[in-house]
Amino acid sequence: MKLNLYLNKILLILFVICILSILFIKNASADIESDLKKISLKLRCMTCQNQTIYDSDSDFSKDIKNIIKDKLKNDEEEKEILDFLIQRYGEYIVFEPQMNIKNIFLWYFPFVILALSLVFLIFRIKKN
Amino acid sequence: MFCYVLSDFSNYNVFQNSHSSKPMLYKITGTWGNHEGSMLLWLLIMTFYNLFFSFNKKLDNDLKKLTIFFQASLYICFVLFVLFTSNPFLATSIEINEGLGLNPILQDPALAIHPPMLYIGYVGFSLVLSLALAGLILNKIDTKWIKITKNWTLFCWSMLTGGIALGSYWAYYELGWGGWWFWDPVENVSLMPWIAGLALVHTLMITQKEQLLKRWIVFLSILCFSLSIFGTFLVRSGILTSVHSFAADSSRGIFILILFLVITGFSFIIFIFKSTDSREKLNLLFINKSSALIINNIVMLVACITILLGTIYPIIIEVITNKRISVGAPYFNMTVLPILLPGFLLMSVAPALSWQSNKLPKFKNYLILFIVMSILSSLITYFTHFNAWGFIGITLALIVIGASTLSIFHNYTKYNFKYFFLHNNAFIAHIGVGIAILGVTCSSVFQTEHRHSLSIGESVGIGEYSLKLEGTKILEKNNYQELLVSFSLYEKDEVLSKIKPSKRYYHVSKMITTEAGIYHHWFQDFYIVLGGQKDNKWDIKIYQNPLINFIWLGVMIMILSGLIGIRKK
Amino acid sequence: MARRDDNDIVWSYRNKKKMKKLILSLPIIIILLISSFSLIYLLQKKDPNKPPSALLDENLPEINLVNLFNEEEMLSNYDLKEKTVLINFFASWCAPCKVEHPLFFDIKKKYPSLYLIGIDHKDKKEDALKYLNVGGNPYDYVGVDKKGSVGLEFGVFGLPETFLVNSSGKIIYKYLGPLTKKVFENEIKPLLK
């Protein structure tokens, strides 16, 4: 069954399509409310026990949401707003570890390990 | 437990966590709703495992004795922990007639069963570790050992799945944010042994016929309980910020850390010196069952390592640089989910693969199925609201469910109908996973949120549904007062259901909790949370969670399938 | 030629054995690493609710503080040049602030050259004046931060918060919560030398 040889390739292709589609899609956001939601979901409420600023009703969260709203009205970008808050509250306030020297290991290690293991496996299969 | 039931406050633990007006169910389950009590539950479950294991008649006596020995030693370690740092039997130093009460959000049926089920899973891995150590030392890792370990691991893993699912379900309906998984450290800590357990279960189930990968099986067996202990350390030491906090204490932390080092260090040292250098040849082809199994293991372990790394990274960074970072949902969603993708894709055909050849029987059917499902899901995502994750999730789910169903049909003529579930267990389990993936994708990607202010009698339209605020009611219950706001959900002028979110005021702890009102339906959940009230208008948040009940359904199928697997030869 | 082949085989076998031993001991190495980091963290008694400040070793932010007692008077960074400054964020509605308030009198007495600034954060002017009237005013300067914009610059999220600025204008210490004598003696005093 020659088709069986293609099974592997087709699986690979499907997989690659999936991955590529992540890169190609960027959701266009129209209004300030949805941007506010997007940004405040990434931020930690500093006075709560592990909640996002979006979900929290504490005074601190309300203040930060207002600050973000004002900045969005001034046409500031998400990155600028996050940097503004990080400068004052530290990287602790963002749930997503920023891409800098100390976090490179965190971001790349999983994929490196995965790639290495799969390469090792392919190597063993070829040897067989 | 007697002290709790009788509300005997001369016991300090009861004093801190209970109250005479607490409903009896929660008086009983409140025994384990605090740190000391839960450790007592841990010990109890450990003894039960040892007890039930001792009834085993199939293993050689020396293996059995050594396993029981190790299990008992582990038990003593934890007894020491309880004795020295978490004693639930301390006496209250003053005479007192009333207690401080239990946190209201913990007074809930799901949360009452959640710890026992979780522990039966978590703690059960201790038996798997004992079996592994005994087998290593006596060099008796053989078919019998694999079969017994497989059964115990399946049982623990299924219970752990249930425990985690209960916790998520509780978070969903209690915490009021419309979500059920936050990648909170405590959640991650329960997920890691689950993933390792899943890898172990697969390897044990599939390796029965040809005893390969002995060393790997032993390694995984040690890993599961190591992750359990380390997880307990992370949670009880107070080292991480979490929504689910126990009364933390650094002396407890240090004790558990030492326990972790001792138990895990000892186990891995035995592993290094005693594991056989087996030179068996694995028949690896691209792709047959052996290589699929290895890919499964790789994917699971890398996912597990990633979760571990993400959870402890803040600690490492703060020790080195004295800066605190947060590693939350964005990180895990962007790393763990892509890593799991190849695993999910492979899962669709893996049980149908053969050991000897890389030919997939009736391959053409699968190919057609893949193409059809991809087109179907493209159409679905195109017509609803296009989103990359949505497309990937739905495609994967459809492929997995479709391929597994197809495999069951292929198998149809080959067996006796009586053994349907046993023979097709793997396919059914994977269908469960596919259903769960569908639920996870749709409820997160396609969730919609609406905010409105309504006064009594007012309605608001949501798509083809409408919601009307009927009225409010005040109820007096056992230990709280409840303000119910009832809504009627209409679908094109026909009443579907009443939804009753509420706010509760608990007298003892003087806390106000917000309870969400939920209408469950296979296609979507309607989820209403009350905000504040201004000038007779109620601020409400309405979430529509499509297909969220598929998650619980899929998980239940997985648990049943796990338990059925115990019966499989 | 045959001998060389034998040696090669023995060599690669030995290497393989070494690799295997290395891989097998990997779990133990990782466990030791993780445990030591956790142990160090625990021993340092870090509080998960008190993150280290983002402003440590950074320059003092730009401030222009209006005097609580005199609307015309302003304090800016220029006025603080070459001074060692202790900045305390407080408010009349903040209960723990009342608890730490008396300590500042002692501090001022023992270290007269330490410039003490109190910043009234998100408060009403009348309430603040009353608060300082009743409890006394230990500060060299009391600034107004009605909207909280000054607090925002300092990353304040819960009162009281206290910052120590050295004479080069760098923030060298931050404390979250009511200041106690013990904390002052153990942590701030050494930095004042």
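What counts and how
Residues numbered from 1 in each chain as written. Chains lettered and ligands numbered in written order. Predicted model: local features only at pLDDT ≥ 70, side-chain atom pairs only at ≥ 80, totals over all residues. Heavy atoms only, no water. Contact = heavy atoms within 4.5 Å. Buried area = accessible area lost by both parts, 1.4 Å probe. Salt bridge = Lys/Arg side-chain N within 4 Å of Asp/Glu carboxyl O. Polar contact = N/O pair within 3.5 Å; in protein donor to acceptor, adjacent residues only side chain to side chain. Helix = DSSP H or I, 4+ residues; strand = E, 2+ residues; numbered from the N terminus. Nonpolar A, V, L, I, M, F, W, Y, C, P; charged D, E, K, R; others polar. Disulfide = S-S within 2.5 Å. Buried < 20%, exposed > 50% of the residue type's maximum accessible area, 1.4 Å probe, protein only. pLDDT = per-residue confidence, 0-100. Expected span 1.5 Å × (residues − 1). Pairing = 2+ DSSP bridges. Right-handed = clockwise from strand over helix to strand, strands pointing away. Axes fitted to C-alpha atoms, helices over the stretch in contact; angles between N-to-C directions. Arc of directions from axis to C-beta.

### Things to note about the interface of chain B and chain C
- In this complex, chain B contributes 33 residues to the contact, which on the side of chain C involves 27 residues.
- Note on chain B versus chain C: buried area summed over both sides is about 2,600 Å², and carbon and sulfur give 73% of it.
- Joining chain B to chain C, the criterion identifies 0 salt bridges.
- Taken together, the connections running from chain B to chain C amount to 3 residue pairs in polar contact (both at pLDDT 80 or more).
- Per element, the largest residue contribution to the side of chain B that touches chain C is 12 residues, and it comes from helix H11 (residues 250-274) of chain B.
- A per-class count over the side of chain B that touches chain C returns 19 nonpolar, 9 polar and 5 charged.

### A look at the state of the cysteines
- Under the counting rule described, the total for this entry stands at 2 disulfides over all chains.
- Paired through a disulfide, cysteine 45 of chain A and cysteine 48 of chain A show a sulfur-sulfur distance of 2.0 Å. Disulfide cysteine 45 of chain A-cysteine 48 of chain A: torsion about the S-S bond near 65°, hence right-handed.
- Here cysteine 48 of chain A falls in the buried class, since its relative accessible area comes to 17%.
- Each disulfide pairs two cysteine sulfurs, and for cysteine 94 of chain C the partner residue is cysteine 97 of chain C, the sulfurs being separated by 2.1 Å. Residues cysteine 94 of chain C and cysteine 97 of chain C are joined through a disulfide that is right-handed, its torsion about the S-S bond being 90°. Assigned by exposure class, cysteine 94 of chain C and cysteine 97 of chain C land together as buried.

### Focus: the confidence of the model for chain A
- For chain A, per-residue confidence averages 84 on the pLDDT scale, and 80% of positions sit at 70 or higher.
- The secondary-structure element of chain A with the lowest mean pLDDT is helix H1 (residues 2-24) of chain A, recorded at 63, while helix H4 (residues 78-89) of chain A shows the highest, at 94.

### Considerations on helix H4 (residues 35-54) of chain B
- Taking 1.5 Å per residue as the helical rise, H4 of chain B with its 20 residues ought to reach 28 Å, and the 29 Å between its terminal C-alpha atoms agrees with that figure.
- Among the residues of H4 of chain B, the N-terminal cap falls to asparagine 34 of chain B, whose side-chain oxygen and the backbone nitrogen of glutamate 36 of chain B are separated by 3.4 Å.

### Considering the pairing of strand E4 (residues 115-121) of chain C
Residue and element names in this part refer to chain C.
- Counting buried positions over the 7 residues of E4 gives 7, a clear majority of the element.
- In E4, alternate side chains face the same way, and those of Tyr115, Ile117, Ile119 and His121 on one face and Leu116, Gly118 and Asp120 on the other are all buried.
- The pairing of strand E3 (residues 85-90) with E4 spans 6 bridges and is parallel. Residue phenylalanine 90 lies in a different strand from E4, and its bridge partner there is aspartate 120.
- Once you follow E3 into helix H2 (residues 95-110) and on to E4, the crossover reads as right-handed.
- Bridge analysis of E4 against strand E5 (residues 141-145) gives 5 bridges, and the strand direction is parallel.

### Here's the deal with the interface of chain A and chain B
- The partner chain B presents 56 residues to the 44 residues of chain A that form the contact.
- Taking both sides of the interface into account, the surface hidden between chain A and chain B amounts to around 5,000 Å²; carbon and sulfur atoms contribute 73%.
- Taken as a group, Asn50, Tyr92 and Leu106 of chain A account for 12% of the area that chain A buries against chain B, more than any other trio of residues on that side.
- Inspection of the chain A/chain B interface yields 1 salt bridge.
- With a closest N to O distance of 3.0 Å, glutamate 449 of chain B and lysine 37 of chain A form a salt bridge.
- In this assembly, chain A and chain B are joined by 12 residue pairs in polar contact (both at pLDDT 80 or more).
- Mapped onto the side of chain A that touches chain B, the elements with two or more residues apiece are H1 and helix H5 (104-127) of chain A.
- Considering every element that reaches the side of chain A that touches chain B, the biggest residue donor is H5 of chain A, with 13 residues.
- In the side of chain A that touches chain B, the residues fall into 26 nonpolar, 11 polar and 7 charged.

### Focus on the environment of lysine 568 of chain B
All names here are of chain B.
- Within the secondary structure, lysine 568 sits in the segment after helix H18 (549-565).
- A relative accessible area of 28% means that lysine 568 is categorised as partly exposed.
- Ignoring sequence-local partners within four residues, the contact set of lysine 568 consists of Lys150, Met205, Leu422 and His423.

### Describing the pattern of salt bridges
- Evaluation of the coordinates by the stated rule reveals 23 salt bridges over all chains.
- Note that aspartate 63 of chain A is salt-bridged to lysine 122 of chain C, the shortest N-O span being 2.3 Å. Taken together, the residues aspartate 63 of chain A in helix H3 (residues 59-73) and lysine 122 of chain C in the loop between E4 and helix H3 (125-135) connect one chain to another.
- By relative accessible area, lysine 122 of chain C is classed as partly exposed at 32%.
- Glutamate 76 of chain A is the salt-bridge partner of lysine 71 of chain A, the closest N and O atoms lying 3.5 Å from each other.
- Connected via shared salt-bridge partners are Asp60, Asp62, Lys140 and Lys144 of chain B.

### Here's the deal with the sheet that holds strand E9 (residues 524-534) of chain B
Residue and element names in this part refer to chain B.
- Strand order in this open sheet of 4 strands is E1-E10-E9-E8, and the pairing throughout is antiparallel. Every other strand in the sheet has two partners, leaving strand E1 (448-455) and strand E8 (517-519) as the edge strands with one partner each. Taking the axes of each pair of neighbouring strands and ignoring which way they run, one obtains an average angle of 20° across the sheet.

### Observations concerning the sheet that holds E3 of chain C
Residue and element names in this part refer to chain C.
- The mixed open sheet is built from 7 strands, whose spatial order is E2-E1-E5-E4-E3-E6-E7. Looking along the sheet, the strands with just one partner apiece sit at the ends: strand E2 (74-76) and strand E7 (171-176). On average, each strand axis in the sheet is inclined to that of its neighbour by 30°, with strand direction left out of account.
- Bridge count between strand E1 (residues 64-67) and E5: 2 bridges; the pairing is antiparallel. Each bridged residue has a counterpart across the sheet, and for valine 66 the counterpart in E5 is valine 144.
- Lying on the sheet, H2 is in contact with E3, E4 and strand E6 (161-165); it crosses E3 at an angle near 160°.

### Section: the side chain of serine 290 of chain B
- Here serine 290 of chain B shows up in helix H12 (residues 289-321).
- With near-sequence residues (within four places) excluded, serine 290 of chain B lies in contact with Asn283, Leu284 and Trp355 of chain B.

### A word on H3 of chain C
Residue and element names in this part refer to chain C.
- When H3 is considered as a whole, its buried residues turn out to be Ala128, Tyr131 and Leu132. In an axial view of H3, the angular spread of the buried residues amounts to 90°, which keeps them on one side of the axis. Facing away from the buried side of H3 by more than 90 degrees, the exposed set consists of Glu126, Lys130, Asn133 and Val134.
- Where H3 is buried, its residues touch E3, H2, E4 and E5.
- Glycine 136, located one to two residues past H3, shows a positive phi value of around 90°.

### Re the pairing of strand E3 (residues 465-476) of chain B
All names here are of chain B.
- Direction of pairing for strand E2 (residues 459-462) relative to E3: antiparallel, over a ladder of 4 bridges. Directly across from isoleucine 462, in E3, lies its bridge partner tyrosine 465.
- Counting the residues between successive antiparallel strands, the hairpin from E2 to E3 contains 2 residues, one of them, glycine 463, with a positive phi of roughly 65°.
- Bridge analysis of E3 against strand E4 (residues 480-491) gives 11 bridges, and the strand direction is antiparallel. Bridge assignment links lysine 468 to a residue of E4, and that residue is serine 488.

### Remarks on unusual backbone geometry
- In this structure, the amide linkage connecting leucine 159 of chain C to the following residue, proline 160 of chain C, adopts the cis form with an omega of -10°.
- With a phi close to 65°, asparagine 536 of chain B is a non-glycine residue in the positive phi region.
- Notably, aspartate 57 of chain C is not glycine yet its phi reads approximately 65°, a positive angle.
- On the secondary structure map, aspartate 57 of chain C appears in the loop between helix H1 (2-43) and E1.
- Accessibility expressed as a relative area gives 56% for aspartate 57 of chain C, which makes it exposed.

### Section: the side chain of asparagine 103 of chain A
- Note on placement: asparagine 103 of chain A falls in the loop between H4 and H5.
- Note on asparagine 103 of chain A: relative accessible area 0%, which makes it buried.
- If we ignore the near neighbours within four places in the chain, the residues touching asparagine 103 of chain A are Glu91, Pro97 and Gln98 of chain A together with Tyr313 and Ile325 of chain B.

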